[in-house]
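A look at the structure
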Amino acid sequence: MNFHSLRLRMAALYAGVLALCLISFCGAVYLGLARYLDSNLRNSLRSEGESIGEKLLVDVNRKGESFVVGEINEMAPEISGRFIRITRQDGTILYQSPTPINQSFLPGKVLLLKSWVQQPFSITDSHAGAHAVLIEAVPFVAPEGNSFLIEVGASSREIQSVLHGLLLTLALGMPLIIAVAALGGILVMKRALHPLDQITRAAETITSRNFGERLPSVKTGDEIERLTASLNRMMLRLEDSFQHINRFSADVSHELRTPLTILRGELESLAQQEHLSPVALEVVGSALEEIARLTQIVNQLLEISRLEAGPATKELATVNLGELVLSTAEQMRLLADEKSIHLEYLISSEVSVDGNASLLKQVVVNLLDNAIKYTPSGGTVELLVEMQGTKAVLEVRDTGIGISAEALPHISERFFRADKARTRQSGGAGLGLAIVKSICGAQGGELSIFSSEGKGTRVRIEMPRASGRIMTPDPEPAYLRLDR
């Protein structure tokens, strides 16, 4: 999972906002419920105290205090968990309820008031047990003038129990809600960003060789559609620019061939004249060498322009890569013999690819020419052709001077010359590997170069196998191994 993806970040932001809202809402619900339960209990206690005064204490002189005590006992405050205490004006206690059955508080520990009160009030006694006792004190004056203070209370345990249950429910439910919301957000964002995935996949397949293709247009009417339209218009402008550059390169290269041919012919005619001095002949010979070099560069530029234009990609046929590499290497064996370089072949005869035979031969020629050119006398050049999975692999390895780490990333660029591996004296123009790279791209192959300075170079080309045949792994592949 990509933790930096827009989809995940948007889902995380959505889940974070939702979590913040839920926490705020749950906090408000918890505080509101706590306040409501506290207020409701206090109102109930006050109503109960007022009812005791109006129904029992109103006739206390006529019926007697024992009647009041008996009536209150019948209410069974120890069962209902109520605290009831009636205090006379002189501070003596007329009635005090016994300890409740649930032992939620101890009535004897509820403090007596030190002064008489005239108005009802609330008090919370935290010293009467494990839970606080909420008490409502209601003063009552009988018709005969007797004054009493009626205290009715209850433990806050029930309120705390309800709040604890609510808190536990919220603590268990909120993460589940957030997780479901986050998952839903990911799915929603995945669906919403699906057009972007299609655009990304299409953009990855577009190169300078298929600039005519366009990104899929998504008719959504939103920002994605506008982005796709803008990118397609940008690609159209880039395609025009690339075509202009390719046409310019091809035209320039083509126009240069005629004057170079004329110059070469005139200089060759001049060199055949007998009256020229040896110095003049040397100058003419040097000029002919430079013209030959310029002609080679122009021809290579024309080849690259033709490859990038695309027609070469249509001239495909099934080619036996092993036989092609072997025959080409044998044709170039004289170059290796001149430098006493050993050619070693490890070539499978069962490797076929879809490609252009002449272009693939040019790849082998360029790679072998480089390997022989930059390998000292007595060195070794190896050619490997084999199937690896669904890929046909061509490798050229040498024991030459190698390429520096600084130059290696740029070695296949046009006209690039490494300090050692690309010198003017070697006759190269810095276009050989550029042509190889263009041919590989046109044939659907990939070029990789591995090298260490002073330890040789390994050039690897991977191409898809021939589409017309199914290659099955052979337990003992047929390899042709020759040492020259």
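Since the structure is predicted, the reported quantities are computational estimates derived from the model, not experimental observations. (Residues numbered from 1 in each chain as written. Predicted model: local features only at pLDDT ≥ 70, side-chain atom pairs only at ≥ 80, totals over all residues. Heavy atoms only, no water.)

So, on to the overall build of the protein. Each helix and strand in the protein was counted, giving 12 helices and 13 strands. For the protein, the residues scored as buried account for 36% of the 484 residues in total. Long-range pairs, those at least 24 residues apart, make up 65% of the contacts in the protein between residues at least 6 apart in sequence. (Helix = DSSP H or I, 4+ residues; strand = E, 2+ residues; numbered from the N terminus. Buried < 20%, exposed > 50% of the residue type's maximum accessible area, 1.4 Å probe, protein only. Contact = heavy atoms within 4.5 Å.)

This paragraph deals with the packing of helix α1 (residues 6-55) against helix α5 (residues 157-192). Where α1 contacts α5, the axes come no closer than 9 Å and their chain directions differ by 160°. One element, α1, and the other, α5, form an angle in the roughly antiparallel class. Of the two elements, α1 crosses α5, and the hand of that crossing is right-handed. Partitioned by chemical class, the residues of the contact of α1 with α5 number 29 nonpolar, 1 polar and 3 charged. (Axes fitted to C-alpha atoms, helices over the stretch in contact; angles between N-to-C directions. Parallel < 35°, antiparallel > 145°, perpendicular 65-115°, else oblique. Left-handed = near helix turned anticlockwise from the far one by under 90°. Nonpolar A, V, L, I, M, F, W, Y, C, P; charged D, E, K, R; others polar.)

Going through the model one piece at a time under the given rule, you end up with 1 aromatic pair. Judged by centre distance (6.1 Å) and plane angle (85°), the rings of phenylalanine 83 and phenylalanine 105 are edge-to-face. Within this pair, whereas phenylalanine 83 is found in strand β1 (residues 82-88), its partner phenylalanine 105 is found in the loop between β2 (93-96) and β3 (121-125), the two being separated by 22 residues in sequence. Both residues of the pair, phenylalanine 83 and phenylalanine 105, belong to the buried class. (Phe/Tyr/Trp six-rings, centres within 6.5 Å; stacked < 30°, edge-to-face > 60°.)

Further remarks concern a nonpolar patch on the surface. A surface patch of nonpolar side chains, amounting to about 350 Å² of accessible area, comprises Leu6, Met10, Leu13 and Val17. Mapped onto the elements, leucine 13 comes out in helix α1. Here leucine 13 falls in the exposed class, since its relative accessible area comes to 52%. (Patch = residues over 30% accessible without salt bridge, like charges linked within 9 Å, V, L, I, M, F, W, Y side chains within 5 Å. Areas by Shrake-Rupley, 256 points an atom, 1.4 Å probe, with all protein chains shown as cover. Salt bridge = Lys/Arg side-chain N within 4 Å of Asp/Glu carboxyl O.)

It is worth spelling out helix α6 (residues 194-205) at this point. Here α6 spans 17 Å end to end across 12 residues, near enough to the 16 Å set by a 1.5 Å rise per residue. Within the sequence span of α6, burial applies to Pro195, Ile199 and Ala202. End-on view of α6: buried residues confined to an arc of 65°, all on one side of the axis. Residues of α6 that are exposed and angled more than 90 degrees away from the buried face: Arg201 and Glu204. (Expected span 1.5 Å × (residues − 1). Arc of directions from axis to C-beta.)

Okay, the sheet that holds strand β5 (residues 147-155) next. As summarised here, the arrangement of the 5 strands in space is β2-β1-β5-β4-β3, forming an open sheet in which the pairing is antiparallel. Unpaired on one side and paired on the other, β2 and β3 mark the two borders of the sheet. With direction set aside, neighbouring strand axes in the sheet form an average angle of 20°. As defined by bridge partners, β1 adjoins β2 across 3 bridges and the pair is classed as antiparallel. Within β2, the residue paired with isoleucine 86 across the bridge is tyrosine 95. Of the strands in this sheet, β1 and β2 touch helix α3 (residues 65-74), which is tilted by about 15° from β2. (Pairing = 2+ DSSP bridges.)

On to the packing of helix α9 (residues 321-331) against helix α11 (residues 357-373), then. The relative placement of two packed helices is expressed as an angle between their axes plus a distance between the axes. Running from N to C, α9 and α11 point in directions that differ by 50°, and their axes come no closer than 10 Å. Judged by the inter-axis angle, α9 sits oblique to α11. Of the two possible hands of crossing, α9 and α11 adopt the one that is right-handed. The residues of α11 that touch α9, namely those facing Leu324, Val325, Thr328, Ala329 and Gln331, are Ala357, Leu360, Lys361, Val364, Val365 and Leu368. Its residues placed into classes, the contact of α9 with α11 shows 8 nonpolar, 2 polar and 1 charged.

Further remarks concern the confidence of the model for the protein. Averaged over every residue, the pLDDT of the protein is 81; residues scoring 70 or more account for 85%. Mean pLDDT across the secondary structure elements of the protein bottoms out at strand β13 (residues 479-483), with 47, and peaks at strand β10 (residues 391-398), with 92. (pLDDT = per-residue confidence, 0-100.)

Along the polypeptide, valine 283 turns up in helix α8 (residues 278-309). Assessed through its relative accessible area of 52%, valine 283 is described here as exposed. Linking valine 283 and alanine 271, residues 12 residues apart in sequence, is a C-alpha distance of 9.7 Å.

Before going further, it helps to spend a moment on the pattern of salt bridges. Applying the stated criterion across every chain yields a total of 15 salt bridges. The closest approach of N and O atoms between glutamate 136 and arginine 46, which form a salt bridge, is 2.7 Å. Residue glutamate 136 is located in strand β4 (residues 133-141), and its partner arginine 46 is located in helix α1; the two are separated by 90 residues in the primary sequence. According to the relative accessible area criterion, glutamate 136 is buried, its value standing at 1%. Judged by relative accessible area, arginine 46 falls into the partly exposed class, the value being 29%. A cluster of three or more residues bridged by salt bridges with shared partners is formed by Glu382, Glu395, Arg397, Arg458, Arg460 and Glu462.

This paragraph deals with the environment of alanine 392. Locating alanine 392 in the fold gives a position in strand β10. Residues alanine 392 and methionine 463, 71 residues apart in the sequence, show an inter-C-alpha distance of 5.1 Å. Discounting residues that sit within four places of it in the chain, alanine 392 has contacts with Leu321, Val351, Val353, Glu386, Met387, Ile461, Glu462 and Met463.

The nonpolar side chains of a soluble globular protein tend to be buried with one another. Counting 40 residues, the largest nonpolar core has Leu321, Val325, Leu367, Val381 and Ile461 as the members making the most contacts within it. Sorting the residues of this core by element identifies α9, β7 (342-348), α11, β9 (380-388), β10, α12 (432-442) and β12 (456-464) as the ones contributing at least two each. Considering every element that reaches this core, the biggest residue donor is α11, with 8 residues. Setting aside its immediate chain neighbours within four residues, leucine 367 contacts Val396, Leu433, Val436, Val459 and Ile461. Counting residues in hydrophobic clusters, the runner-up holds 22 residues, among them Leu45, Val68, Phe140 and Phe148. (Core = buried A, V, L, I, M, F, W, Y, C linked by side-chain atoms within 4.5 Å.)

With respect to the helices and strands, the residue glutamate 151 is situated in strand β5. What glutamate 151 contacts, discounting residues up to four positions off in sequence, is Phe83, Ile84, Arg85, Thr87, Ile135, Glu136 and Ala137.

This part takes up α12. The buried count for α12 comes to 8 of 11 residues, which makes it a mostly enclosed element. Taken as a whole, α12 has its buried residues at Leu433, Ala434, Ile435, Val436, Ser438, Ile439, Cys440 and Ala442. One or two positions beyond α12, positive phi appears at glycine 444, with a value near 80°.

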